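Below are the chains, spelled out letter by letter.
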Amino acid sequence: MALTVKAVAELAGISVRTLHHYDEIGLLKPAGQSAAGYRLYSREDLERLQQILFFRELGFSLKEIAAILESPGFDRRQVLLAHREALLQRKARIERLIATVDRTLAAMEREDAPMDTREEMKELFDGFDPGEYEEEARQRWGGSREFRESAERTRKYTRQGWQRIAAEAGEIYGNIARLMDRDPGDPAVQEWVGRWHEHISKWYYDCSLEVFRGLGEMYVQDERFTRNIDKTKPGLARFLRDAMQIYCDRREGK
């Protein structure tokens, strides 16, 4: 078997220039030459090229590779066995990387999928499950624009979306709770109540002042909401209700 430099380059996946360089430095000199003067590589040359490329892949310099191949103790079988072991290790590493990518993709798909389990909702909202009151809300406000709009919006939210909603709500509750030593009408308190109004309109439905006022009352009249809001700080539900009433009065010009 005799192959031209171009054929060997294509077979090994390296450039013709690389083979010329190996020839010039004496690392891989082709066994023959055609009548036209072209380099011709034998089967033994290809085996030596395989060994060169193996050691290059392991990070050895060309000078080091030449010393190894010319060593009297060089054992081609042992080199092939070492090559095989290195390939198996690489295969295992690639398989671990693929498994990691698969897990990441699966997690991303879960993030992008609508979140429809009660347990996931309770996990995000610290034990409070908005879906627990869905049927009750349907009976009380099922015909209202707000209920229909909220149902349509929230049906599409992914876990990532609900995480943003929960984080934003927690931030607003936390900042209002830190201001409970002030009057509910204090400008700083009212600024965060305004943020709460915007939060509801952005994520659930276009919240009118009338509905916003009614929500504030529900926070203290329904012990389930009171208990959930007061997890941030005892008394927060009532303080928030009072601040929301002031917020609505001022915007209605009362």
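Use the structure listed above.
Values in this document were obtained by computation on a predicted structure and should not be read as measured data.

A. Structural context of the sheet that holds strand 1 (residues 3–4). The antiparallel open sheet is built from 3 strands, whose spatial order is 1-3-2. With partners counted over all chains shown, the strands left at the sheet margins are strand 1 and strand 2 (32–33), one partner each. Summarising the sheet, strand 2 and strand 3 (residues 39–41) pair through 2 bridges and their orientation is antiparallel. Opposite glycine 32, over in strand 3, you have leucine 40 as the bridge partner.

B. Examining the packing of aromatic side chains more closely. Summed over all chains, the structure comprises 6 aromatic pairs. Here tryptophan 162 and tyrosine 204 contribute two aromatic rings whose centre-to-centre distance is 6.4 Å and whose plane-to-plane angle is 50°, an arrangement assigned as tilted. Of this pair, tryptophan 162 sits in helix 9 (residues 159–177) while tyrosine 204 sits in the loop between helix 10 (187–203) and helix 11 (209–221), placing them 42 residues apart in sequence. The class for tryptophan 162 is buried, based on a relative accessible area of 4%. Through pairs of rings, three or more aromatic residues link up here, namely Phe54, Phe55 and Phe60.

C. Broad picture of helix 3 (residues 43–57). With 15 residues, helix 3 extends 21 Å from end C-alpha to end C-alpha; this agrees with the ideal 21 Å at 1.5 Å per step. Residues of helix 3 that are buried: Asp45, Leu46, Leu49, Gln51, Ile52, Phe54 and Phe55. Count one or two residues on from helix 3 and you reach glycine 59, which has phi positive near 100°.

D. Local environment of the side chain of glutamine 245. In this structure, glutamine 245 sits in helix 13 (residues 236–252). Glutamine 245 gets classed as buried once you look at its relative accessible area, which sits at 13%. A distance of 3.1 Å separates polar atoms of two side chains, one belonging to glutamine 245 and the other to arginine 213.

E. View of the nonpolar core. With 34 residues, the main nonpolar core has Val193, Trp196, Ile200, Phe212 and Tyr219 as its most contacted residues. Ranked by residue count, the leading element in this core is helix 13, at 8 residues. In contact with tryptophan 196, other than residues within four places in its own chain, are Ala169, Ile172, Tyr173, Phe212, Tyr219, Leu240 and Met244. Counting residues in hydrophobic clusters, the runner-up holds 16 residues, among them Tyr22, Tyr41, Ile52 and Phe55.

The rules behind the values
Residues numbered from 1 in each chain as written. Predicted model: local features only at pLDDT ≥ 70, side-chain atom pairs only at ≥ 80, totals over all residues. Heavy atoms only, no water. Pairing = 2+ DSSP bridges. Helix = DSSP H or I, 4+ residues; strand = E, 2+ residues; numbered from the N terminus. Phe/Tyr/Trp six-rings, centres within 6.5 Å; stacked < 30°, edge-to-face > 60°. Buried < 20%, exposed > 50% of the residue type's maximum accessible area, 1.4 Å probe, protein only. Expected span 1.5 Å × (residues − 1). Polar contact = N/O pair within 3.5 Å; in protein donor to acceptor, adjacent residues only side chain to side chain. Core = buried A, V, L, I, M, F, W, Y, C linked by side-chain atoms within 4.5 Å. Contact = heavy atoms within 4.5 Å.

The analysis is restricted to geometry; functional conclusions fall outside its scope.
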